[in-house]
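Below, each chain spelled out in residue letters.
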Amino acid sequence: MKITYLNCFLIPFAASLLFGCNSKSTPKGTVVSIEPTPPINQAGNTAGLSIQTLALGISEIPSSLASTYTKTLKFNRYTQVSTPNSKAIHIVAQDQITDNQIVRARSILEHFLAPLPDSEYGSDKTAVANKMSENGAVLLLLNGVDDGTNKAAELDGQPLYFGEMQVEGHQWYITQDYAHRDASYEEILHLVHDYGIGVDQNTAFNGALPSFQAEIRSAQIDAQSQNLWGMGAADWITELTAENSLSQEYLAAVVDVYYGLWGANMEFPTTGMHDLYVAKTREDIVTKDPLGATLMDNKFFASYLTYNARIDESFTGDFSLLFNANLPYTHHAQYLKDVTLTGTNNSNVIVNQLNNHITGNIAENTVIFSGSSVEYQITHANTYVTVEDMRDNRDGTNTLIAVEKIRFSDITLDVLSN
């Protein structure tokens with residue numbers, strides 16, 4: 001899927017502007033609508049890619065970008081998020097990046113740009129999206145890890161490496177492998193922040209939301225002064241100060257914790273972001289960093305993940321959207337609401353309290369609910385089934401597509417025979 005604001009056009013690439021997006025993540029030790037339309041490919045740029053890849057909205061590198069993102073540098077695929085000004089935010093990928101990683105990176109970018117109705121800064125994110133395309137925002141999906149050996153990292157743009165991109169349902173995601181920790185939200189947020197929201201204390205403010213950035217800066221200064229963020233990392237703070245990246249990195253720490261990306265880390269049982277941020281869970285932010293919590297309170301960021309997560313084809317078993325302390329990935333998955341099972345494995349989904357859309361794969365799939373069947377209302381339509389929990393704050397209303405079975409605490413029903 002891609003975000004479509006007005007019409008989708010692929011335009012010639014303008015010279016990229018760099019606003020601190022290449023800073024290190026941590027000291028290494030008009031309303032937007034979404035539709036399933038692939039980006040427009042320039043003539044001749046589909047050869048060599050599978051039908052499945054093209055169907056995911058992924059093309060070869062368009063000719064307007066190919067002289068910069070070259071085959072010599074191992075770039076071989078492209079996707080985009082179109083913006084209201086008929087431009088695009090470009091995503092270019094090297095040859096070891098999986099299609100699923102490309103789609104997820106695009107989905108996270110879409111998530112950050114999706115409107116948040118009735119919020120202070122996010123009801124209409126048109127200006128942010130336009131500013132990103134005008135500033136030449138490019139997301140670089142790079143092979144390997146951030147070890148200084150990938151020459152493509154020298155290009156202007158925001159790098160995100162293979163070794164730090166998880167995909168829902170993949171082994172790295174299920175085990176919450178912090179050797180391959182999920183840096184996708186952090187790095188893509190840097191792109192949105194630096195090229196769209198805007199960063200102060202540069203020669204000129206090149207963003208769309210100076211008032212929001214002022215709040216971000218105030219919260220960062222408060223957190224740093226109270227030793228809530230950047231604890232024990234004086235050299236890193238000095239580096240960030242020199243490149244004017246303090247507010248970017250602070251915001252990334254808050255957002256990562258807000259979406260549950262550090263809850264499963266046992267190396268640091270009470271803190272997040274490699275022991276650099278005082279909060280470990282969303283609840284911790286409220287009590288330990290009140291100004292950080294304010295940034296997340298109906299300002300710009302949705303309380304749940306707005307994209308449809310494509311569960312990796314390797315997954316089998318029960319994928320839980322419901323938090324379970326024994327399943328590390330659910331620290332993060334509890335904030336998902338829409339998922340699509342992929343591949344050919346029999347796999348199931350356990351719902352959470354949100355109103356979910358669940359799409360099955362070509363195998364047999366079951367959606368699992370908490371209560372007895374008499375506590376739900378089941379409604380059939382031509383292409384989907386709706387299951388509504390009649391109790392508040394438990395399983396919500398779920399729309400099921402290509403799902404064979406529904407399991408309640410007392411019975412399992414065949415969808416077609418019900």
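The structure contained in this document is the topic of the report that follows. Because the structure is a prediction, the values reported are computed rather than measured. (Residues numbered from 1 in each chain as written. Predicted model: local features only at pLDDT ≥ 70, side-chain atom pairs only at ≥ 80, totals over all residues. Heavy atoms only, no water.)

The next subject is the overall build of the chain. Looking only at helices and strands, one finds twelve helices and 17 strands in the chain. Of all 418 residues assigned to the chain, the portion counted as buried reaches 56%. Taken as a whole, the chain presents about 16,700 Å² of accessible surface, with 52% of it coming from carbon and sulfur. (Helix = DSSP H or I, 4+ residues; strand = E, 2+ residues; numbered from the N terminus. Buried < 20%, exposed > 50% of the residue type's maximum accessible area, 1.4 Å probe, protein only. Areas by Shrake-Rupley, 256 points an atom, 1.4 Å probe, with all protein chains shown as cover.)

Next up on the list: the packing of aromatic side chains. Aromatic ring pairs are defined here through the distance separating the ring centres and the angle between the ring planes. If you walk through the whole model with that rule in mind, you get 21 aromatic pairs. In textbook terms, an aromatic cluster arises when at least three aromatic residues are bridged by ring pairs, as seen for Phe112, Tyr121, Tyr185, Phe212, Tyr258, Tyr259, Phe300 and Phe301. Its guanidinium or amino end placed over the ring of Phe300, Lys125 lies 3.9 Å from that ring's centre, counting from NZ or CZ. Sitting over the ring of Tyr258, Arg282 keeps its end group 3.7 Å from the ring centre. (Phe/Tyr/Trp six-rings, centres within 6.5 Å; stacked < 30°, edge-to-face > 60°. Lys NZ or Arg CZ within 6 Å of the ring centre and 35° of its normal.)

Following both chains from N to C, one finds helix H7 (residues 210–225) and helix H9 (residues 246–258) inclined at 80°, their axes separated by 9 Å at the closest point. The angle between H7 and H9 falls in the class roughly perpendicular. Across the interface between the two elements, Gln213, Ile216, Arg217, Ala219, Gln220, Ala223 and Gln224 from H7 touch Leu246, Ser247, Tyr250 and Leu251 from H9. In the contact of H7 with H9, the residues fall into six nonpolar, four polar and one charged. (Axes fitted to C-alpha atoms, helices over the stretch in contact; angles between N-to-C directions. Parallel < 35°, antiparallel > 145°, perpendicular 65-115°, else oblique. Contact = heavy atoms within 4.5 Å. Nonpolar A, V, L, I, M, F, W, Y, C, P; charged D, E, K, R; others polar.)

Before going further, it helps to spend a moment on the sheet that holds strand E7 (residues 305–311). The six strands lie next to each other as E7-E9-E11-E15-E14-E13, forming an open sheet whose pairing is mixed. At either end of the open sheet lies a strand with only one pairing partner, and these are E7 and strand E13 (376–380). On average, each strand axis in the sheet is inclined to that of its neighbour by 20°, with strand direction left out of account. Inspection of the sheet shows E13 paired to strand E14 (residues 385–389) by five bridges, in the antiparallel sense. Residue Ile378 lies in a different strand from E14, and its bridge partner there is Val387. (Pairing = 2+ DSSP bridges.)

Take the pattern of salt bridges next. Oppositely charged side chains can pair when the atoms bearing their charge come close. For the structure shown, the criterion picks out 14 salt bridges. Salt-bridge contacts for Asp200 lead to Arg217; the nearest nitrogen and oxygen are separated by 2.6 Å. Of the two residues, Asp200 sits in the loop between helix H6 (184–197) and H7 while Arg217 sits in helix H7, which places them 17 residues apart along the sequence. The same class applies to Asp200 as to Arg217, namely buried. Between Arg394 and Glu375 there is a salt bridge, with the nearest N and O atoms lying 3.0 Å from each other. (Salt bridge = Lys/Arg side-chain N within 4 Å of Asp/Glu carboxyl O.)

This next bit is on the sheet that holds strand E16 (residues 405–407). One key point about sheets: their strands pair by backbone hydrogen bonds, in either a parallel or an antiparallel sense. On the basis of which strands lie adjacent, the open sheet formed by five strands has the order E8-E10-E12-E16-E17 and mixed pairing. Both outer strands of the open sheet, strand E8 (317–320) and strand E17 (412–414), are each paired with one neighbouring strand and no more. Between one strand axis and the next, the sheet turns by 25° as a mean value, whatever way the strands run. As judged from the two bridges shared by strand E10 (residues 347–350) and strand E12 (residues 366–368), these two strands associate in the parallel manner.

Moving on to the environment of Thr271. Note that Thr271 resides in the loop between H9 and helix H10 (282–288). Look at Thr271 and you get buried, because its relative accessible area is 11%. Considered as a pair, Thr271 and Thr281 are ten residues apart in the sequence and their alpha carbons are 8.3 Å apart.

One non-glycine residue with positive phi stands out, namely Ser86, at about 65°. If you trace the backbone, Ser86 turns up in the loop between strand E3 (75–82) and strand E4 (88–94). Backbone geometry places Asn244, a non-glycine residue, at a positive phi of 55°. Along the chain, Asn244 turns up in the loop between helix H8 (234–242) and H9. A relative accessible area of 11% places Asn244 in the buried class.

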